[in-house]
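In case you want the letters, here they are:
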Amino acid sequence: MRVSGLKAYRWQRWSAWALAVYFPTAVAYLAIQPVDSYERFVQMLSAPWFLIPTLLVLALLLVHMWVGVRDVLMDYLPALGYGRWLYAALSVWAVVLGLVAADLLYLLASLLSIARL
Amino acid sequence: MAKKRLMAEPVSPETPRPVWREWYQFHFPLNAWLSIAHRICGLISVIFLLSGLVILNVWILSPLHFAEIVGFWQGIWGRLWLWLGLSALLYHWLAGLRHLLMEHEIGLEFLHPSLLLKLYGIAWLLLSWEVWR
């Protein structure tokens, strides 16, 4: 199998651009429209113009986190003499991110059902 | 006083390739420190965002706890958590944006490391004021 870091590098860069744009936009919006009640919070989160970009950015954030922590583990575990633990550490990190993705999907389903009520 | 060595300098003629050595003996340029800080702040941001997800769960799934969480953020521990997490996230974002601009060769003449530190200092002061006021 041919292993290359180029694909991971590209995903890291594209996700970084999306996060670089999304974070200041979200902060500016929250500064203008502060969330002061649960109803307002659900209304804001479930609005399509907020929800769809946020879901896309969350997916890219998971990719960004995967590549970033993967690189740290690959760079430092073997150098510190824990190379044999690398695959175990990467597997744990993959499981954590999988659980986060599942939790986000569950939150999405809950949010949409709350917003319908 | 220990002599500072360059990273590429071989340890001895018998071992001509650079080997793992004490990091504190290396003389890193400012850009390297900023890059190291970018990684450390990235890891802190991961912990911050994962703990934020726990709060988001409580926020969405328990409407009765909404006021309690708002109250937590107004207390000292909530503010401290928010301040540390957002400080790390802010640095990671700014340093990352600088990396991206440098890779695309945009505004290279303005991307000196001292400018990043100045911008971060100003943004961090604003953030601290907003969190602690």
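This is a predicted model, so every value here is computed, not measured.

**Examining the interface of chain A and chain B**
- Of the residues lining the interface, 34 residues belong to chain A; the matching set on chain B comes to 22 residues.
- Buried area between chain A and chain B, both sides added, is near 2400 Å², and the carbon and sulfur share of it is 78%.
- Per-residue buried area on chain A facing chain B is highest for A:Trp17, A:Tyr38 and A:Leu107; these three make up 25% of the total on that side.
- A:Arg13 is the partner of B:Glu103 in a salt bridge, and the nearest nitrogen-oxygen pair spans 2.7 Å.
- Mapped by element, the contributors of at least two residues to the side of chain A that touches chain B are α1 (6-32), α2 (38-46), α3 (48-76) and α4 (86-116) of chain A.
- In terms of residue count, the dominant contributor to the side of chain A that touches chain B is α4(A) (ten residues).
- Residue composition of the side of chain A that touches chain B, by class: 26 nonpolar, three polar and five charged.

**Brief notes about the packing of helix α3 (residues 76-103) of chain B against helix α4 (residues 113-132) of chain B**
All names here are of chain B.
- Where α3 meets α4, the axes come as close as 10 Å, and the angle between the chain directions of the two elements is 155°. Viewed along their axes, α3 and α4 adopt a mutual orientation that is roughly antiparallel. With respect to the hand of their crossing, α3 and α4 are arranged in right-handed fashion. On α4, the residues that touch Ile76, Arg79, Leu80, Trp83, Leu86, Ser87, Leu90, Tyr91, Leu94, Ala95 and Arg98 of α3 are Pro113, Leu116, Leu119, Tyr120, Ala123, Trp124, Leu127, Ser128, Val131 and Trp132.
- The residue inventory of the contact of α3 with α4, partitioned by class, reads 17 nonpolar, two polar and two charged.

**Let's talk about the confidence of the model for chain A**
- Scored by pLDDT, chain A comes out at a mean of 90, with 96% of its residues at no less than 70.
- Of all the helices and strands in chain A, α2(A) carries the lowest mean pLDDT, 86, while α3(A) carries the highest, 94.

Criteria and cut-off values
All residue numbers here refer to positions counted from 1 along the written sequence of the relevant chain. Working convention: letters from A go to chains and numbers from 1 go to ligands, in the order in which they are written. A pLDDT threshold of at least 70 governs which residues receive local features in this predicted model, and a stricter bar of 80 or more applies before side-chain atom pairs are shown or counted, although totals over entire chains, interfaces and linings include all residues. Side-chain numbers here rest on the full set of heavy atoms in the structure, without hydrogens or water. The contact definition used throughout considers only heavy atoms, calling two residues in contact when any of these lie within 4.5 Å. Take the accessible area each of two parts loses on contact, using a 1.4 Å probe, and add the two losses: that sum is the buried area. Counted as salt bridges are all cases of a side-chain nitrogen of Lys or Arg within 4 Å of a carboxyl oxygen of Asp or Glu. Secondary structure counts use DSSP, requiring at least four H or I residues in a row for a helix and at least two E residues in a row for a strand, with both numbered from the N terminus. Under the scheme applied, nonpolar residues are Ala, Val, Leu, Ile, Met, Phe, Trp, Tyr, Cys and Pro; charged residues are Asp, Glu, Lys and Arg; polar residues are all the others, including Gly. Here, axes are lines fitted to C-alpha atoms. For helices the fit covers the stretch in contact, and angles between N-to-C directions go from 0 to 180 degrees. Relative orientations are named as follows: roughly parallel for angles under 35 degrees, roughly antiparallel for angles over 145 degrees, roughly perpendicular for angles from 65 to 115 degrees, and oblique for any other angle. Left-handed describes a crossing whose near helix is turned anticlockwise from the far helix by less than a right angle; the clockwise case is right-handed. The score called pLDDT rates the predictor's confidence residue by residue, from a low of 0 to a high of 100.

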